[in-house]
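What follows is each chain in one-letter form.
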Amino acid sequence: MPGESALPPTDARRSDAGARGEQLTLEGLPTVRRRRRTRAEGVVLATELPVARVCIDLPPPHLDHPFEYAVPAALADQALPGVRVKVRFGRQDVDAYVLERVTEAEHDGELVPLRRVVDGLPVVTPQVARLARATADRWAGTLADVLRLAVPPRHARVEGEVPSSDERAPEPVPAPAASAWADHRGGPAFLTHVTAGGAPRAVWTALPGEPGRGWPDAIAQAVVAARLGARGALVVLPDARDVDRVLAALAAAGVPRWTPGTSGGAVRLTADEGPAARYRAFLAALRGHASVVVGTRASAFAPVADLGLVVCWDDGDPLHAEPRAPYPHTREVLALRSELERCAFLVGGFARTVEAQALVEHGWAHEVAADRRQVRARTARVRALTTTELAREGPAAAARLPTPAWRAIRERLADGPVLVQVPRAGYVPAVACGRCRAAARCGTCHGPLGLAKADGTPTCGWCGRLAADWRCTECGGATLRSVRIGSQRTAEELGRAFPGITVRVSGRATGGVLAEVPDRPAVVVATVGAEPVTPAGYAAAVLLDAAVATAGSSLGVLPDALRRWLGAAALVRPASDGGVVLLVGDAEERATQALVRWDPVGLASRELAERGTLGLPPAVRLAAVQGSREAVLAVVERVTVPDLEVLGPVPVPGTGDLTPDVRTVLRVPRAGGTVLARALAASLAVRSARREGGTLTVQLDPQDLR
DNA sequence: AACCCATCTGCG
DNA sequence: GCAGATGGGTTC
């Protein structure tokens, strides 16, 4: 062979280790290459599909591609796609997932045989494998990281439980019902399409409704529509309380809760009942015993046989943002999944997120919402008690609970429970316009201003520019003021304002979250997101510290404030039954008006338009690269994609005592998101292959970018 | 983490 | 001219 020495190193190594290795052995010298230890020789290999392509369960990004192993004949029947295996990888034994079995290896070297099959269960279905790969690609992460989110930890004892398949009850046949959808334009048509086996996509704004036609019932009816078409369904909710509400509604709609030995029911897939229960539920879905999965965010990856419908409820809830790498979001994972598995997609809530609004305005999904007449008929009367409104009350107007609010609570208590919503404790420093209180944004890149500098000069949190000659884009004001966000006062304190009345408290930090309170007069003080339901609806709701909710400069404060208010307001009886909602405090004007008019779509739509002009997501794609300075610079430097803007780096306050982390924000047009994610993943692979030092996190579409 | 390989460095 | 150190890259 001519030019032998010019062969690429891998080829040279291979031929040395192969037949020519012995020929090169010279007298007096050791063997040129020692034999590699774990060759397939001596092992009888499978005759059919003797090659397994596997995903190695190790974190480094440069290992995120399939590795090929020889399949011993003894494992041929077990080492099927989706099955966990142990393989020799370099010097170590590692876990891996079989992705596929093929006839020919692509790798042009000797293959090492699989060591053993771990449990023989195909825990990663082909659909989930594809979804996990797409998720890793979308968020610049690795397949191994996503599979760690998707596949619950193995629980051998649960696995051993024999599914009593012969004793299974006959599959329940739910009756069709669309009552909870009757008042939503496009709702009944969506259900019909789902039953017919189609893949419609809908963004749904829910109306408040009494038990039987509330949002859990609406979701249950959509699931029934999928079941009537002989397909499975997946419902993902922010927390376990919501999961139980949907399971109850499903049972009422004729889809019973799955229990071992039954078939066709709905399984509860959450982490809160422990690893055994979680794995049992996972296996019930995997084995096709349960055809409906209802769970929290990790269940977006649950195996559901013949998936016909995915649902994400209240996609604005921060609990839908996965806190572990690569930080995927339930709504987006389910959107990907609906495309990959050609199933129906439903995202909904009382509010409308900007991201969901974008799905509608980009033509990806249809809108399902009630018309104004229905909205008025089903919602409470909303009043905003701003200081202007309360001017004649004198100094008391600025009180945390102004007299008119106190009077309203007193009055409505005669009719039933009254809900008082208080913001969660905590402080976030931010800068707002001193005149109109709009969040202050950078004049150059429209990032949010903050007070990072010790001398109090406002600087942009993204590009780091000083806001020297800042002017408010809303009102033209030139003064800035810092806003302190949060409430340190306890909920109990409020209860003292109503002596003789039962006060119930619901909140994480205040002794626990109540799921439900009885239909009797009581003041129910709840932190945001911890509001209990009550059978006949609240007589009134008072939303305190409204200014706190819209202060701050994080992206999407306004839709988020509205979402929290609507979450409480939706629990109140309609105006025709005396239901009243009082928003207390000087919140931002547009958010306040959107609540008064009960118009979440209008707010989301305006916010989306504004984000378009300012170059903020979801009109663009952002990636936050944060960590030690050298690491951030090195990773960012290798990212070269069209139309890339590099904002920063800026130091991140509150990280590292001596050398604070820095953050760089990468911005590309929306269409460039895929390319940006791929380039980032490639740069991270180089970083890990070269063992570049420091710490680093990369987050696409960060939720809490300030 | 353990290794392989190529290149560099210090010393004769 | 050569041993040992160093850095970059692979592991199927």
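Remember, it's a predicted structure, so these values are computed and weren't measured experimentally.

S.K.: With reference to specific residues and values, describe the overall build of chain A.
M.R.: Within chain A, the secondary structure is distributed over 20 helices and 26 strands. Residues counted as buried form 53% of the 706 residues belonging to chain A. In chain A, once contacts between residues fewer than 6 apart in sequence are set aside, the share between residues at least 24 apart is 73%. Total accessible area on chain A stands at roughly 31,600 Å², and carbon and sulfur atoms take up 53% of it.

S.K.: Could you give an account of the pairing of strand E8 (residues 266-269), naming the residues involved and the relevant values?
M.R.: Side chains Ala 266 and Arg 268 project from E8 onto one buried face, and the interleaved Val 267 and Leu 269 project onto a second face that is buried too. As paired strands, E8 and strand E9 (residues 292-295) are joined by four bridges and run parallel to one another. By the bridge assignment for E9, Leu 269 is matched with Gly 295. With respect to chirality, the unit in which E8 leads through helix H9 (residues 274-286) into the neighbouring parallel E9 is right-handed.

S.K.: Account for helix H7 (residues 215-228), naming residues and giving values.
M.R.: Helix length check: H7, at 14 residues, gives a terminal C-alpha distance of 20 Å against a target of 20 Å (1.5 Å per residue), a fit within 8%. Of all 14 residues in H7, 13 are buried, a share of seventy percent or more. Two residues or fewer past H7, Ala 230 is found with a positive phi of approximately 60°.

S.K.: Can you tell me about the UniProt feature "binding site: Zn(2+) 1" (unreviewed entry) in chain A, naming the residues and giving the values?
M.R.: With numbering aligned to this structure, UniProt lists the feature "binding site: Zn(2+) 1" (unreviewed entry) at Cys 433, Cys 436, Cys 472 and Cys 475. What makes Cys 433 buried here is its relative accessible area of 0%. Not counting the four nearest positions on each side in its chain, Cys 433 is found in contact with Ala 438, Trp 470, Cys 472, Cys 475, Gly 477, Thr 479 and Arg 481.

S.K.: Please set out the protein's contact with DNA strand C residue by residue, giving values where relevant.
M.R.: The immediate surroundings of DNA strand C are formed by 14 residues, with Leu 63, Glu 68, Val 112, Arg 690 and Arg 691 found nearest. Counting only atoms of DNA strand C within 4 Å of the protein, the sugar-phosphate share comes to 38%. In the environment of DNA strand C, a phosphate oxygen lies 3.2 Å from a nitrogen or oxygen atom belonging to the side chain of Arg 690. Within the side chain of Arg 691, one N or O atom sits 2.5 Å away from a base oxygen of DNA strand C. Broken down by secondary-structure element, the contributors of at least two residues to the surface near DNA strand C are strand E2 (67-70) and helix H20 (673-690). When residues in the surface near DNA strand C are grouped by element, the largest group, three residues, is from E2. Partitioned by chemical class, the residues of the surface near DNA strand C number seven nonpolar, three polar and four charged.

S.K.: Let's hear about the packing of helix H3 (residues 126-138) against helix H4 (residues 143-150): which residues, and what values?
M.R.: When two helices pack together, their arrangement is given by the angle between their axes and by how far apart the axes lie. Across the interface, H3 lies against H4 with an axial gap of 8 Å and an inter-helix angle of 125°. When the axes of H3 and H4 are compared, the pair comes out oblique. Relative to H4, the crossing made by H3 is right-handed. Residues Val 128, Ala 129, Ala 132, Arg 133, Thr 135 and Ala 136 of H3 lie in contact with H4, whose contacting residues are Leu 143, Val 146, Leu 147 and Ala 150. In terms of residue class, the contact of H3 with H4 is built from eight nonpolar, one polar and one charged.

S.K.: Kindly report on the sheet that holds strand E25 (residues 662-669), identifying the contributing residues and their values.
M.R.: Two pairing modes exist for strands in a sheet, parallel and antiparallel, and in both the strands are linked by backbone hydrogen bonds. With antiparallel pairing, the four strands of this open sheet are ordered in space as E24-E25-E23-E26. The open sheet terminates on both sides in strands that have one partner only, identified here as strand E24 (645-651) and strand E26 (696-700). In this sheet, neighbouring strand axes are inclined to one another by 15° on average, regardless of whether the strands run parallel or antiparallel.

S.K.: A description of the packing of helix H16 (residues 557-569) against helix H18 (residues 600-614) should follow, citing residues and the corresponding values.
M.R.: Interhelical geometry of H16 versus H18 gives an angle of 165° and a closest axis separation of 10 Å. Comparing the axis directions of H16 and H18 gives the class roughly antiparallel. The way H16 lies across H18 gives a crossing that is left-handed. Every residue of H18 that contacts H16 at Leu 558, Pro 559, Leu 562 and Leu 566 is listed here: Pro 600, Leu 603 and Glu 607. Class assignment for the residues of the contact of H16 with H18 results in six nonpolar, no polar and one charged.

S.K.: Tell me what's going on with the UniProt feature "domain: Primosomal protein N' 3' DNA-binding" (unreviewed entry) in chain A, and back it up with residues and numbers.
M.R.: Per the UniProt record, "domain: Primosomal protein N' 3' DNA-binding" (unreviewed entry) is found at residues 53-152. Across residues 53-152, helical content stands at 21% and strand content at 33%; the span's end C-alpha atoms are separated by 22 Å.

S.K.: Residue-level account of unusual backbone geometry, with values.
M.R.: Note: most residues except glycine have negative phi, and most peptide bonds are trans. Cis rather than trans, the peptide bond between Ala 325 and Pro 326 has omega equal to 5°. Relative to the assigned elements, Pro 326 resides in the loop between strand E10 (307-313) and helix H10 (330-340). With an omega of 5°, the peptide bond between Pro 617 and Pro 618 qualifies as cis. Among the structural elements, Pro 618 can be located in the loop between H18 and strand E23 (620-627).

S.K.: A description of the sheet that holds strand E1 (residues 51-56) should follow, citing residues and the corresponding values.
M.R.: Spatial ordering of the open sheet is given by E2-E1-E4-E3-E5, a layout of five strands whose pairing is antiparallel. A single partner strand is all that each edge strand has here, and the edge strands are E2 and strand E5 (116-122). Taken pair by pair, the neighbouring strands of this sheet meet at an average axis angle of 45°, ignoring direction. One ladder, built from three bridges, connects strand E3 (residues 83-89) with E5; its direction is antiparallel. Across the sheet, Val 83 pairs through a bridge with Pro 122, a residue of E5. Those strands touched by H4 are E1 and strand E4 (92-102), and its axis lies near 80° from that of E1.

Rules used throughout
Residues numbered from 1 in each chain as written. Chains lettered and ligands numbered in written order. Predicted model: local features only at pLDDT ≥ 70, side-chain atom pairs only at ≥ 80, totals over all residues. Heavy atoms only, no water. Helix = DSSP H or I, 4+ residues; strand = E, 2+ residues; numbered from the N terminus. Buried < 20%, exposed > 50% of the residue type's maximum accessible area, 1.4 Å probe, protein only. Contact = heavy atoms within 4.5 Å. Areas by Shrake-Rupley, 256 points an atom, 1.4 Å probe, with all protein chains shown as cover. Pairing = 2+ DSSP bridges. Right-handed = clockwise from strand over helix to strand, strands pointing away. Expected span 1.5 Å × (residues − 1). UniProt positions renumbered as here; feature names shortened; annotations may be inferred. Near = heavy atom within 4 Å. Polar contact = N/O pair within 3.5 Å; in protein donor to acceptor, adjacent residues only side chain to side chain. Nonpolar A, V, L, I, M, F, W, Y, C, P; charged D, E, K, R; others polar. Axes fitted to C-alpha atoms, helices over the stretch in contact; angles between N-to-C directions. Parallel < 35°, antiparallel > 145°, perpendicular 65-115°, else oblique. Left-handed = near helix turned anticlockwise from the far one by under 90°.

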